[in-house]
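Report on the structure
Chain by chain, the residues:
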Amino acid sequence: MNILTIGGGGREHAIITALSKSEHVNQLYCAPGNGGISLLAECFPEVKATDIDGIVALAKRLKPDIVFVAADDPLVLGAVDSLNAEGIRTFGPRANAAAIEGSKVFAKEFMRRHNIPTAKYAAFSSPSEAKAYLRGRDTYPIVIKCDGLAFGKGALIVTTEAEAFSVVDEVLCGGKFGDSGKNVVIEDYMQGVEATILVFTDGKTYKIMPPLSDHKRAFDGDKGLNTGGMGVIAPTPYVNAATLKQAEELIIKPTIDGLRDEGRPFKGVLYFELMVNPSDKNAVPRVIEYNCRFGDPECQTVLPLLQSDLAEIIAAVWDERLDSLEVKFSNKAAACVVAASGGYPEKYATEKLISGLDTIEGAALYHAGTRKTDDGFVTAGGRVLNIVAVADTLPLSLKKAYAEIKKVKFDDMFYRTDIGKKALS
Ligand code: AMP
Ligand code: GLY
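This brings us to the packing of aromatic side chains. Here the structure, examined in full by the defined rule, presents ten aromatic pairs. Between Phe 110 and Tyr 290 the ring centres are 6.4 Å apart and the planes differ by 75°, which places this aromatic pair in the edge-to-face class. Taken together, the positions of Phe 110 in helix α6 (residues 104–113) and Tyr 290 in strand β17 (residues 286–291) put the pair 180 residues apart, joining distant regions of the chain. Ring-pair connections join several aromatic residues into one group, and the members of that group are Phe 106, Phe 110, Phe 272 and Tyr 290. Directly above the aromatic system of Trp 318 lies the positively charged group of Lys 267, at a separation of 4.7 Å from the ring centroid.

Right, here's the structure in full:
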């Protein structure tokens with residue numbers, strides 16, 4: 001198989017690394033790609049992940065056997081629909097199924113229609129109606145979310161009515177998040193801890209991957225701003241067998257069946273971000289949000305545990321014969337730590353020379369935001385590198401990931417030093 005992957009971060013580097021190990025894979029391409037990816041795949045940096053016409057034109061030229069659309073923007077923008085219209089096979093949902101991530105209003109209404117546990121909510125486009133809903137509430141915090149994609153920054157947890165009003169003004173009147181914030185969801189705050197479950201699905205059957213915990217805040221102790229994710233552990237201690245069973249029965253299966261029944265069959269990786277409450281036997285897992293793709297850096301953490309052939313999985317998803325394929329994961333544990341540029345997720349500098357990459361041993365190194373130059377790799381993004389270690393236990397995988405990340409250096413580099421700490425305590 002020749003495979004074109006769409007995206008250019010650590011997630012895509014992990015996907016391409018897994019595909020490069022397949023005996024079925026011949027040529028790998030990536031658009032736009034990054035410095036690390038260029039070691040394994042021919043990259044097309046001029047074709048951005050949001051450029052649907054450019055992606056289709058590239059695919060028509062390269063004639064890959066399948067296009068793996070890994071990033072969220074092109075999925076929500078309908079890259080799969082456009083590629084399929086040209087007779088090109090794909091891995092990833094069509095726009096009408098990707099809406100489960102692309103529109104929070106749609107996702108919440110969908111969950112309501114299918115009785116899928118989630119926080120109580122209401123949706124608004126009118127600031128005065130939003131304020132009327134908020135007025136007089138005595139239960140805070142409350143969560144205000146932009147309807148559309150907002151780089152993980154569109155969910156705001158507010159603790160007073162005054163704060164809630166000012167968020168409504170900023171988002172619905174001030175255009176703070178542009179079109180993404182034309183509608184908002186206001187939802188009840190859920191207590192508990194967060195965990196992620198990813199599944200491969202062909203729209204009919206699904207294969208569950210080891211549950212994970214991401215660490216979204218920039219700094220140790222869950223301080224600082226929300227980021228795309230600063231580190232992940234798998235399997236997460238927050239999801240025991242009973243919770244996983246509940247999640248499957250109450251959330252995973254009803255979501256996949258519901259989408260199919262509504263004429264939106266989901267083919268690809270479906271991401272369930274859940275609030276769980278391991279200490280409360282009566283609590284059921286509830287959906288915080290859906291994503292229509294592998295998470296980043298969740299993908300980097302889970303793929304090193306995959307023992308089956310990723311190329312076979314994506315082909316089976318396209319053919320809708322996932323039920324006949326065994327998808328196996330190792331029983332080991334994986335830990336991912338992200339090295340980021342000082343200032344991320346706000347303003348940061350790039351073009352910093354990275355040293356120590358050749359010294360990483362016994363752990364996977366994925367490039368998230370790098371560029372290859374004649375002098376070596378330089379930084380080219382907020383999240384720069386991911387180190388992922390696999391070991392018999394989570395503490396051992398964390399120890400190894402931290403031992404290896406210490407060998408990498410660039411100006412103003414930072415990483416969280418407490419990945420997995422809370423979950424293991
Ligand atoms: P989202 O963009 O929906 O994933 O939300 C971003 C983050 O906000 C989540 O990872 C949670 O930490 C938090 N969050 C979102 N919705 C809720 C909620 N209803 N209750 C508590 N925390 C939430
Ligand atoms: N790490 C969170 C995400 O990919 O959405």
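So that's the structure; there's more coming.
A separate point is the site of ligand 2. As a structural note, the neighbourhood of ligand 2 is formed by Asp 214, Gly 228, Tyr 271, Asn 291, Arg 293, Gly 295, Asp 296, Pro 297 and Glu 298. Between ligand 2 and Asn 291, the relevant distance is 3.2 Å, taken from an oxygen atom to a side-chain nitrogen or oxygen of the residue. Separating an oxygen atom of ligand 2 from a side-chain N or O atom of Arg 293 is a distance of 3.0 Å. Split into classes, the residues belonging to the shell around ligand 2 amount to two nonpolar, three polar and four charged.

What follows covers the site of ligand 1. Taken together, 16 residues form the shell around ligand 1, and within it Lys 145, Glu 187, Met 190, Glu 194 and Glu 273 come nearest. One of the side-chain nitrogen or oxygen atoms of Lys 104 is found 3.1 Å away from an oxygen atom of ligand 1. Here Asp 188 contributes a backbone N or O atom positioned 2.9 Å from a nitrogen atom of ligand 1. For ligand 1, whose unbound accessible area comes to 480 Å², protein coverage reaches 92%. Among the elements of the structure, β7 (142–146), β8 (155–158), β9 (184–188), β16 (268–276) and β17 are those that each provide at least two residues to the shell around ligand 1.

Another aspect to go through is helix α1 (residues 10–20). Counting buried positions along α1 gives ten out of eleven residues, so the element sits mostly inside the fold. For α1, the full list of buried residues reads Gly 10, Arg 11, Glu 12, His 13, Ala 14, Ile 15, Ile 16, Thr 17, Ala 18 and Leu 19.

This paragraph deals with the environment of Asp 323. One can find Asp 323 in the loop between α11 (310–319) and β18 (333–341). Sequence spacing of Asp 323 and Tyr 206 is 117 residues, and the spatial spacing of their C-alpha atoms is 7.6 Å. In this view, Asp 323 contacts Asp 202, Thr 205 and Lys 207; residues no more than four positions away in its chain are not counted.

On to the pattern of salt bridges, then. Under the criterion given, the structure shown has 29 salt bridges. The partner of Glu 187 in a salt bridge is Lys 108, with the nearest N and O atoms 2.6 Å apart. One end of the pair, Glu 187, is in strand β9; the other, Lys 108, is in helix α6, with 79 residues separating them in the sequence. Taken as a pair, Glu 187 and Lys 108 share a single burial class, namely buried. The structure contains a network of salt bridges with shared partners spanning Asp 222, Arg 416, Asp 418 and Lys 422.

Taking 1.5 Å as the rise per residue, helix α12 (residues 394–405) with twelve residues should run 16 Å; its terminal C-alpha atoms sit 16 Å apart, in good agreement. Those residues of α12 lying buried are Leu 394, Ser 397, Leu 398, Ala 401, Tyr 402, Glu 404 and Ile 405. All buried residues of α12 fall inside an arc of 165° around its axis, so they share one side. Taken together, the buried residues of α12 touch β15 (231–234), β18, β22 (383–391), β23 (413–414) and α13 (421–424). A side-chain oxygen of the first residue of α12 lies 3.2 Å from the backbone nitrogen of Leu 396; this N-cap is Thr 393.

We now examine the packing of helix α5 (residues 95–102) against α6. Where α5 meets α6, the axes come as close as 6 Å, and the angle between the chain directions of the two elements is 95°. Taken as axis vectors, α5 and α6 run roughly perpendicular relative to one another. Taking contact as the criterion, the partners of Ala 99, Ile 100 and Gly 102 in α5 are, on α6, Lys 104, Phe 106, Ala 107 and Phe 110. For the contact of α5 with α6, the per-class residue count stands at five nonpolar, one polar and one charged.

Before going further, it helps to spend a moment on the pairing of strand β20 (residues 370–373). Where β20 meets strand β21 (residues 376–379), four bridges bridge the pair, whose relative direction is antiparallel. Note on β21: the bridge partner recorded for Lys 372 is Phe 377.

Scoring rules and cut-offs
Residues numbered from 1 in each chain as written. Chains lettered and ligands numbered in written order. Predicted model: local features only at pLDDT ≥ 70, side-chain atom pairs only at ≥ 80, totals over all residues. Heavy atoms only, no water. Phe/Tyr/Trp six-rings, centres within 6.5 Å; stacked < 30°, edge-to-face > 60°. Helix = DSSP H or I, 4+ residues; strand = E, 2+ residues; numbered from the N terminus. Lys NZ or Arg CZ within 6 Å of the ring centre and 35° of its normal. Near = heavy atom within 4 Å. Polar contact = N/O pair within 3.5 Å; in protein donor to acceptor, adjacent residues only side chain to side chain. Nonpolar A, V, L, I, M, F, W, Y, C, P; charged D, E, K, R; others polar. Areas by Shrake-Rupley, 256 points an atom, 1.4 Å probe, with all protein chains shown as cover. Buried < 20%, exposed > 50% of the residue type's maximum accessible area, 1.4 Å probe, protein only. Contact = heavy atoms within 4.5 Å. Salt bridge = Lys/Arg side-chain N within 4 Å of Asp/Glu carboxyl O. Expected span 1.5 Å × (residues − 1). Arc of directions from axis to C-beta. Axes fitted to C-alpha atoms, helices over the stretch in contact; angles between N-to-C directions. Parallel < 35°, antiparallel > 145°, perpendicular 65-115°, else oblique. Pairing = 2+ DSSP bridges.

The values are spatial; any link to function lies outside them.
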